[in-house]
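Structural overview
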Amino acid sequence: MKIVARDVSKAFRDPRRSVEVSALEAMSLSVRDREFVSILGPSGCGKSTFLYIVAGFIQASGGEVLVDGRPVTGPGRDRGIVFQEYALFPWQTVLGNVMYGLREGDAREREARAREFITKVGLGGFERHYPRELSGGMKQRVALARTLAYDPDILLMDEPFGALDTQTRLLMQEELLRIWEANQKTILFVTHSVDEAVVLSDRIVVMTARPGTVKKSVEVPFGRPRVVEDLMHDVAAMDLRTDLWHLVKAEVLKGGPR
């Protein structure tokens, strides 16, 4: 297994009430090499918290996470993360942002690699533009190129398309499918969207309301390569979306008003 989480828990202290709030409890999950797994669940169930524990950004209160059999003790270049907010340097061009994480080779080699991935995400010709000159979808393409350029084994994606309009979101889903099919990275993808999870994933993990744990793991029965438009109208895909929504809805209602 590429990623193994065993009985992961995480509690945060609420300074206003001087109490601990449990975000995750006994969260166990395994992800195979080159598998695309989406994590789906109600707001506040600990999806992003779990992702950041796998990334090594925050430490679990209990349990363990292994990557390639080794305990996660902090961030590593084997794991790349793409956030919902683009996290680009406004003073850097597209090329500068993508080159930022590259450490191997001389300047010309690093620039050539950055340009390669800028082209792969469809931004050829925008190398000298600054983030303020780009649309939201273009900024997210830059963030994706920056992460892919240093070639991590694992992509951790925290609602990367959540802030985009519907049309751009669909285009970015198609782009991610194309890139994943070409590079076959292991991807752990956090989303609120049932539709998005069905379109992208090999497997969908539905989490419970807080404190979050695995409620159900669902295999996605559709082959690859996939076409987003085809799955929008496929009867089996519609049935799967309905089943997943019922699972998520039960947890949303369990969590109370939001």
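As shown above, the structure is provided for reference.
What this report covers is the structure whose coordinates are included nearby.

The rules we used
- Residues numbered from 1 in each chain as written.
- Predicted model: local features only at pLDDT ≥ 70, side-chain atom pairs only at ≥ 80, totals over all residues.
- Heavy atoms only, no water.
- Pairing = 2+ DSSP bridges.
- Helix = DSSP H or I, 4+ residues; strand = E, 2+ residues; numbered from the N terminus.
- Axes fitted to C-alpha atoms, helices over the stretch in contact; angles between N-to-C directions.
- Contact = heavy atoms within 4.5 Å.
- Expected span 1.5 Å × (residues − 1).
- Buried < 20%, exposed > 50% of the residue type's maximum accessible area, 1.4 Å probe, protein only.
- Arc of directions from axis to C-beta.
- Polar contact = N/O pair within 3.5 Å; in protein donor to acceptor, adjacent residues only side chain to side chain.
- 1 Å grid on protein atoms, 1.4 Å probe; cavity = no way out; pocket = protein on both sides within 12 Å on 5 of 7 lines; lining within 4 Å.
- Points joined across faces, edges and corners; volume = space filled by probe spheres on them.
- Nonpolar A, V, L, I, M, F, W, Y, C, P; charged D, E, K, R; others polar.

Once that is clear, we can look at the sheet that holds strand β6 (residues 79-82). Pairing is mixed in the open sheet, where 6 strands are placed in the order β6-β7-β8-β3-β9-β10. Strands at the two margins of the open sheet, each flanked by one partner only, are β6 and β10 (214-219). Taken pair by pair, the neighbouring strands of this sheet meet at an average axis angle of 15 degrees, ignoring direction. Two strands pair when backbone bridges link them, and strand β3 (residues 36-40) and strand β9 (residues 203-207) are joined in this way by 4 bridges, in the parallel orientation. Bridge pairing in β9 places Ile39 opposite Val205. Against the sheet, helix α5 (residues 166-183) makes contact with β3, β7 (154-158) and β8 (186-191), and its axis sits at roughly 165 degrees relative to β8, the strand it touches most.

On to helix α3 (residues 107-120), then. Compared with an ideal rise of 1.5 Å per residue, which puts 14 residues at 20 Å, α3 spans 20 Å between its outermost C-alpha atoms and is within 8% of the ideal. Looking at α3, one finds that the buried residues are Ala114, Phe117 and Ile118. With its buried residues spanning 105 degrees around the axis, α3 presents them on a single face. Exposed residues pointing more than 90 degrees away from the buried face of α3 are listed as Arg108 and Thr119. In this structure, the buried residues of α3 make contact with α2 (94-99) and α4 (136-149). Where α3 starts, the residue carrying a side-chain oxygen 3.2 Å from the main-chain nitrogen of Arg108 turns out to be Asp106.

Let us look at the layout of surface pockets. By volume, the largest pocket amounts to about 440 Å³. Surrounding the largest pocket, 20 residues form its lining, Phe57, Arg79, Gly80, Ile81 and Tyr150 being those nearest its centre. No other element matches the 4 residues that β6 contributes to the lining of the largest pocket. Residues that form the lining of the largest pocket fall into these classes: 12 nonpolar, 4 polar and 4 charged.

Right, let's talk about the pairing of β6 for a bit. Across the two faces of β6 the burial is the same, with Arg79 and Ile81 and Gly80 and Val82 all buried. Relative to β7, β6 runs parallel, the two sharing 4 bridges. Bridge assignment links Ile81 to a residue of β7, and that residue is Leu156.

On to the side chain of Gln140. Tracing the backbone through its elements, the reader meets Gln140 in helix α4. Residues contacting Gln140, with those up to four places away along its chain left out, are Val82, Phe83, Gln84, Tyr86, Pro160, Phe161 and Met172.

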